[in-house]
Amino acid sequence: NPRVVIIGAGIVGTSLADELALRGWTDVTVVDRGPLPATGGSSSHAPGLVFATNACETLSGFAQYTIDKLVSLSTPDRLCFNQVGGLEVAVTQARMDDLHRKAGWARAWGVAAEVVDAKRCAQLHPLIDASRILGGLHTPDDGLADAQATCDSQRERAAAAGVVFRGNEQVLGIETLGDRVTGVRTATGTLPAEIVVSCAGFWGVEVGAMVGLAVPLVAMGHQYVTTGAVDDMGGFVDERPGKAAAALPILRHQDADLYYRQHGERIGIGYYGHRAMPVAMDDLYRDTAGQPMPSMLPFTPDDFDPAWTESTRLLPALNRTHVTEGFNGIFSFTPDGSPLLGAHPGLDGFWIAEAVWVTQSAGVGRTMAQWITTGTPDVDVSGCDITRFSVHEVERDHVDVLSARAFDEVYDISHPREQHTVARDRLISPMHAGHLARGAHFVTSHGWERPAWFDANDVVPTGDRDDGPGDDWFRRHWSPTVLDEATATRSAVGLYDMTSLMRVEVTGADAAAFLAPMLTRNPDRPVGTVLYALILDDTGGIRSDVTVARTATDRFQIGVNGPIDIAWLTAHARRARADGMSVSVHETTTETSCLGVWGPCAESVVAPLTSTAVDAASLPFYRCAPATVAGVEVLLMRVSYVGEFGWEIYADGADGAELADRITEAAQPLGGVWAGRGALDCLRIEKGFRSWGTDMSAVDSPDEAGLAFAVAKNHEFTGRTAMLERPVRRRLHTVIADDPATVLMGSEPVSTADGPVGHITSAAFSPTIGRTIAYAWGPADLRTGDRVDVDWFDTTASFTVSPTTTVDPENARIKG
Ligand code: FAD
């Protein structure tokens, strides 16, 4: 087994060491700048509340594993986890509704949860004033982790297996040879290693800088206090030793950014309602040099005042005591609130696992160990992968402002379509000025501003417009104009700014040979061919789906799913070059523009602007060709994500605005409209087209995801054998609402008479059929015509399993 050095002996580093040792990897050394056992990092003083329900299935899964593992590590002498249960209360109707939504996620991800009334909340936690709340969400398996005891248990077990732990030893640099890591440097010398994993918590930015890796996290202060003794704990006493001892459930009052736990006769209170407190690391090093707890800053009582007032209202018994201790503890926040996991794309052997809460720590340790030892993680890590950010998103000001927002909003009710108001207009397409003039509403993706819909299309006289389907929640950050734009695309032509669709050029004499083993279809075809293909991992799971256009013998343009793919292709090309291949990967997204022109009138719009024959016979489906359109040199690509005849038209960025203007002029007389992402989503779901990362991920096989058609039978590629040997565990089904009034937004639980069986991935109201169409993971044996139930807040709606494609299953429209 390779030699491994783990930087950091907090709860993440010790979890990983333990999980590696459990897999037989014992040539592992864990070094920490602080003393052992309590290193002084965030884990040394975390109050340890673990709520497993999360909007994200992966994060919820990490938490469920953490609970199970910590329960199993507990002994009579060392309580690592205390399953006191969790209670989240609501004082507003909006929060109460949100608790129903959370209960839905809990059902979808297999977490025990029940929405309960105020009286029941007060029975579960008798300090609560029931008259103050509307109800709550009770999660009986949640509870309290003793982070330090867990570190100790995992460290001792790993040490017994041979793992070495070294305290008071700071890593000062990373040793490398070429593109490989060879060890770490500390004050006492060099520790050789083939694999180095940084589990440095909020020090992660500094460690990343040692290897040129921009780690997008911010160390933030967060207030935690303990009260004096509360005179009546309602008989809830736990005499066991250790920090996890408690009898009251852990409690969240998220309407006021507060959480609570019991410490014997006292109550601990954590507060997220104060101003964001980013920590300047240089000041921290100076101010805390030599101190045992560099992660605890002095308490700032003024910031806590509103929290105390609100706490005494919810828990009136606190009026008879006061805050006796407090500190501003430091831990990591990221721009999107998720952890940072995975491999350095530019330095082989260097990994990170940072910005991880105690809640997810053991689950992260397990998945990291699986990933490092086998090369493939066992869950969908796309939302946690360190390479999920574009180069623009890891710029420091961007990280600072979005991480501060993540802190501000940590307990907010977040609407799936809500957009942040900070760090906007970072990347705009050449067509942006036109979008503003047309009254675009924008959504962001990797820093790009993308139109969601255009007010200019809202031509229905005031008062005549009905509000559209669904309820207030569904219609938030949305407009019925979305449906008009979709309808106009099907009846005439829609213009879509697809510039933000990330793409790379793969060039070189060996470009085809480089791509062939990673794609499920052989790209070595005549110039002008376009392929839809999958990239599988070693287990046969779908790590991406891509559109591959051969634009020259030695050149491919590949439309990818984002920075993860770009990092992955770039790393593979680097290794291929080291093996003597002639290939390079270059991202072209910001240099070029892409305009989608789709609909039955598309040919009538474009043909008069070009001398190239653009009819269906001359440029067939899945072909591309250079052309001059409106005097601009372009690449016409006959593909369509909306299921209509037309092209993605790629041009140099400098020409994008002019081209768009000319095409707009040509489209308008034919009833053409500009359309946004909302319409695009309706139309692609009507067509049965998947969106990687939402509908399927690396845990799903092509067969399960309904993408077996994209796998060539006579082509060898990575993951093929594993794919053929994998059993089908579940399938992605198209389901259509029985009632036209039913709406969904994604992540809702799906059940049959047998109970919960899966969840919704994507959903949209289809203007073509006047009902909601959704994709649902469910049992493989569900058949067309079967009924499933889907929960929407506190209601349940019936859906019918339907053929994959709802509109134009014969592809007559798209083929032209
Ligand atoms: P740490 O425990 O900080 O470990 C990182 C280690 O890396 C440190 O020991 C450090 O010394 C070492 N290190 C850094 N740089 C170097 C170097 N160059 N060389 C060698 N060693 C290095 N989470 C929850 O899930 N629930 C909660 O209720 C909760 N409440 C919290 C309340 C407070 C007040 C705070 C501050 C945090 C809370 N958290 C909670 C968050 C949680 O504590 C952290 O996310 C978690 O402990 C991070 O674990 P870690 O192992 O990544 O980091």
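The preceding data block contains the structure.
Here the structure is a predicted model, which is why all the values come from computation and not from measurement.

Backbone-to-backbone hydrogen bonds join strands into a sheet, with any given pair of strands oriented parallel or antiparallel. Taken together, the five strands give an open sheet; going across it, the order is 27-28-29-26-30, and neighbouring strands pair in antiparallel fashion. Two strands close off the open sheet at either side, each with one partner strand: strand 27 (530–536) and strand 30 (584–587). When strand polarity is set aside, the average angle formed by the axes of neighbouring strands in this sheet is 30°. Direction of pairing for strand 26 (residues 503–507) relative to strand 30: antiparallel, over a ladder of four bridges. Following the sheet pairing, Glu-505 is matched in strand 30 by His-586.

Counting across every chain of the model gives 49 salt bridges. Arg-574 is the salt-bridge partner of Asp-348, the closest N and O atoms lying 3.0 Å from each other. Here Asp-348 is found in the loop between strand 21 (340–343) and strand 22 (350–354), whereas its partner Arg-574 is found in helix 15 (residues 563–578), with 226 residues between them in sequence. Residue Arg-574 is classed as buried on the basis of its relative accessible area of 13%. Through salt bridges with shared partners, a single network forms among Asp-18, Glu-19, Arg-23, Lys-69 and Arg-157.

On to the environment of Arg-438. By the element assignment, Arg-438 lies in the loop between helix 11 (432–437) and strand 23 (440–445). As for Arg-438 and Thr-610, which are separated by 172 residues in sequence, their C-alpha atoms are 26 Å apart.

With respect to the secondary-structure elements, Pro-451 resides in strand 24 (residues 448–454). Taking relative accessible area as the criterion, Pro-451 reaches 4% and is therefore assigned buried. Between the C-alpha atom of Pro-451 and that of Val-115, which follows or precedes it by 336 residues, the distance is 37 Å. Once residues lying within four places of it in the same chain are set aside, the contact partners of Pro-451 are His-435, Ala-440, His-441, Phe-442, Gly-676 and Arg-677.

About the thresholds
- Residues numbered from 1 in each chain as written.
- Predicted model: local features only at pLDDT ≥ 70, side-chain atom pairs only at ≥ 80, totals over all residues.
- Heavy atoms only, no water.
- Pairing = 2+ DSSP bridges.
- Helix = DSSP H or I, 4+ residues; strand = E, 2+ residues; numbered from the N terminus.
- Axes fitted to C-alpha atoms, helices over the stretch in contact; angles between N-to-C directions.
- Salt bridge = Lys/Arg side-chain N within 4 Å of Asp/Glu carboxyl O.
- Buried < 20%, exposed > 50% of the residue type's maximum accessible area, 1.4 Å probe, protein only.
- Contact = heavy atoms within 4.5 Å.

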